[in-house]
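Chains, contacts and geometry: an overview
So the chains spell out like this:
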Amino acid sequence: MSGTSNLDKISQGRLSYNWALKSMKIISKITEKYEKRKPLAGLDLAFCLHITKETSVLIMAARKLGGNIILCSANPLSVQSDILEFLKDNEIIVHAKTKMNEKEYLENIKKVLNTNPDLITDDGSTMHLYCHKMGSKNVIGGTEETTSGINRLQVLDTKKLLKYPIIGVNNAYTKYLFDNRYGTGQSTIDGILRTTNIFIPGKNFIILGYGWVGKGISSCLRGLGAQVTVIEVNPIRALEAYMDGYIVSRIEEVADKGDFFITCTGQKNVLRKEHIDRMKDGVFIANAGHFDVEIDLRYIKQQDKNPIIVRPNVDSYNINGKTVNLLSKGRVLNLVGGEGHSPEVMSLSFGNQLLSILYIIENHKKMQNHLYPVPKNIDNTIAKYALEAFGIEIDNPTKEQLDYHNEVNIQI
Ligand SMILES: NC(=O)c1ccc[n+]([C@@H]2O[C@H](COP(=O)([O-])OP(=O)(O)OC[C@H]3O[C@@H](n4cnc5c(N)ncnc54)[C@H](O)[C@@H]3O)[C@@H](O)[C@H]2O)c1
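Let me begin by describing the structure that accompanies this report. (Residues numbered from 1 in each chain as written. Predicted model: local features only at pLDDT ≥ 70, side-chain atom pairs only at ≥ 80, totals over all residues.)

To continue, consider the overall build of the protein chain. A count of helical and extended segments in the protein chain gives 17 helices and 15 strands. By its C-alpha atoms, the protein chain is 65 × 65 × 50 Å across when sized along the principal axes. Of all 412 residues assigned to the protein chain, the portion counted as buried reaches 48%. A separation of at least 24 residues holds for 70% of the contacts in the protein chain among residues at least 6 apart in sequence. (Helix = DSSP H or I, 4+ residues; strand = E, 2+ residues; numbered from the N terminus. Buried ≥ 20, exposed ≤ 12 C-beta atoms within 10 Å, placed from the backbone. Contact = placed C-beta atoms within 7 Å.)

Right, here's the structure in full:
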């Protein structure tokens, strides 16, 4: 970051933390409310999250509430080095380094679990899965941040294999409507520009998946003048994309037409040999889904064993004489190639995390080993806190309106 290059990593990390903290008013509000009570005192809390400045705000807040924190990364490439050093300097135990291989990344998750935490906050559910395999011991409950992680937990829940209650934070309105959509939308543009600095207006972008992430990315790209085509498998989502004004097509139809392909489906191999072989020379392909499984990376790597790293996070592969530019090694473009979500939007997601953690601590004895939604009152509280943070006031229904809603309107 320019202007801070003369500072050591810890000071730089402190500046980044303070920068994010100022915009994460929901976290500050929750911290102020519970700080004296120290509801997390005596508990070991394991966090497996992208190690960003926004995460450092959540971690420091959990510590202020009395928790003993052990942290590792939810992705081998999403660790911000200044934040890593800042957290370590604040006596947070962190098992991570900036660029890890897959083995190191998984080893670090296991190291955290070996400390026998009481509660697990995960992003992608790799830690939850390992915990189930290794034995849960002390765990009284957990939370999960993202769609792909919840998909995994839903399978465990259906098979009655969950060993502790977990709150699926992603499925709160105040998480996916804002973080997945606007947060990923904007930070994916950041990732595109930092990695490629291409000119977006007029470019043909093909977006695979029109879920909350796909909606956000498509809308931001359209705002910048790109031509956006959506690929979907769900008829309702495809119809929604069509009525939102996008071209909806089949990947076979557009494989040779796109300038830039972005996957965000949570599914495996949505871009594969038969599509990649037909792509234009110089095409860009990237992923914004949680795992690096959406593009058939094995096929790409088999075609060219020595890709040229033309710029940071841009690997150029020669495939059948054509250049295919793979961004951020097929891992989350917005976090690996860009800076990730802005603090304002992470304040909503992590506000849900913090209140869900407090809810579990208070209620875990009454909870079953199931996947739970974020309680409605938490979702509403986060929305109210967010409006407050943005300085927005809203109306309340009048008594007459409440009565009409509750009773009068059934009278005919
Ligand atoms: N990059 C980030 O910062 C970030 C943030 C939030 C979520 N995520 C991740 O992004 C992914 C998508 O999340 P979401 O909340 O939008 O999920 P979602 O379930 O709302 O949307 C996924 C969409 O992909 C579609 N799809 C599935 N298979 C497809 C295929 N073969 N071709 C085309 N479309 C297909 C589904 O029908 C669905 O509409 C998940 O992996 C999630 O964990 C990433």
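Still more to cover.
Here we take up the sheet that holds strand β14 (residues 322–327). Taken together, eight strands build an open sheet; the order of strands is β9-β8-β7-β10-β11-β14-β13-β12 and the sheet is mixed. Each end of this open sheet is capped by a strand with a single partner; those strands are β9 (247–249) and β12 (308–311). Taking each pair of neighbouring strands and ignoring which way they run, the sheet shows an average axis angle of 25°. Pairing geometry for strand β10 (residues 260–263) and strand β11 (residues 283–287), over four bridges, is parallel. In the sheet register, Phe 261 faces β11, and the bridge partner there is Ile 285. Against the sheet, helix α8 (residues 173–196) touches β10, β11, β12, β13 (314–319) and β14, its axis set at about 70° to β13. (Pairing = 2+ DSSP bridges. Axes fitted to C-alpha atoms, helices over the stretch in contact; angles between N-to-C directions.)

Around the ligand, a shell composed of 29 residues is seen, among which Gly 209, Gly 211, Val 213, Asn 234 and His 290 lie nearest. Mapped onto the shell around the ligand, the elements with two or more residues apiece are α7 (147–158), α8, α9 (212–223) and α14 (333–336). Class assignment of the residues belonging to the shell around the ligand gives a composition of twelve nonpolar, 15 polar and two charged. When residues of the shell around the ligand are assigned to domains, at least three map to each of domain 1 (9–175 + 342–389) and domain 2 (181–336). (Near = placed C-beta within 6 Å. Nonpolar A, V, L, I, M, F, W, Y, C, P; charged D, E, K, R; others polar. Domains from an automatic or database assignment.)

The strands making up a sheet associate through hydrogen bonds between their backbones, and the pairing can be parallel or antiparallel. What the seven strands build is an open sheet, ordered β3-β2-β1-β4-β5-β6-β15; its pairing is parallel. Unpaired on one side and paired on the other, β3 (93–95) and β15 (371–373) mark the two borders of the sheet. Ignoring strand direction, the axes of neighbouring strands in this sheet form an average angle of 20°. Pairing geometry for strand β6 (residues 166–168) and β15, over three bridges, is parallel. Bridge pairing links Gly 168 to Pro 373 in β15. Sitting on the sheet, helix α5 (residues 102–113) is in contact with β1 (44–49), β2 (68–73) and β3, with an inclination near 165° to β2. Docked against the sheet, helix α6 (residues 126–134) engages β1, β4 (119–122), β5 (141–144) and β6, running at close to 140° with respect to β4.

Core analysis: the biggest nonpolar cluster contains 66 residues, and Ile 27, Ala 46, Cys 48, Ala 62 and Leu 354 have the highest contact counts within it. When residues of this core are assigned to their parent elements, the largest contribution, nine residues, is made by helix α15 (residues 343–363). If near-sequence neighbours (up to four positions away) are discounted, Leu 354 is found in contact with Ile 27, Ile 30, Leu 58, Ala 61 and Ala 62. Grouped together as the second largest cluster of nonpolar side chains are 44 residues, Ala 241, Cys 264, Val 283 and Leu 326 included. (Core = buried A, V, L, I, M, F, W, Y, C linked by C-beta atoms within 7 Å.)

For the rest of this paragraph, the subject is the environment of Phe 199. Relative to the assigned elements, Phe 199 resides in the loop between α8 and β7 (204–208). A count of 11 C-beta atoms within 10 Å places Phe 199 in the exposed class. Along the primary structure Phe 199 and Asn 180 are separated by 19 residues, whereas in three dimensions their C-alpha atoms are 24 Å apart.

Here the focus is α5. The terminal C-alpha atoms of α5 lie 17 Å apart, and with twelve residues this matches the ideal 16 Å at 1.5 Å per residue to within 8%. Buried residues of α5: Tyr 105, Asn 108, Ile 109, Val 112 and Leu 113, and no others. Down the axis of α5, the smallest arc covering the buried residues is 145°, so these residues share one side. Here the buried face of α5 lies against β1, β2, β3 and α6. (Expected span 1.5 Å × (residues − 1). Arc of directions from axis to C-beta.)

Glancing now at the pairing of β13. Both β12 and β13 contribute to a ladder of three bridges, which runs antiparallel. Counterpart to Arg 311 in the pairing with β13 is Val 314. Between β12 and the antiparallel strand that follows it, β13, lie two residues; Asn 313 among them carries a positive phi value of about 65°. Looking at chain direction, β13 and β14 are connected through six bridges and run antiparallel. Counterpart to Asp 315 in the pairing with β14 is Leu 326. From the end of β13 to the start of β14, which pair antiparallel, there are two residues, and Asn 320 there has a positive phi angle of about 55°.

With that settled, the discussion passes to the packing of helix α2 (residues 25–34) against helix α16 (residues 376–389). For any two helices packed against each other, one specifies the inter-axial angle together with the distance between the axes. Where α2 meets α16, the closest approach of the two axes is 9 Å, and the angle between their N-to-C directions is 115°. Considering only the axes of α2 and α16, their crossing is right-handed. Contact residues: α2 offers Lys 25, Ile 26 and Lys 29, while α16 offers Ile 382, Tyr 385, Ala 386 and Ala 389. For the contact of α2 with α16, the residue count by class is five nonpolar, no polar and two charged. (Left-handed = near helix turned anticlockwise from the far one by under 90°.)

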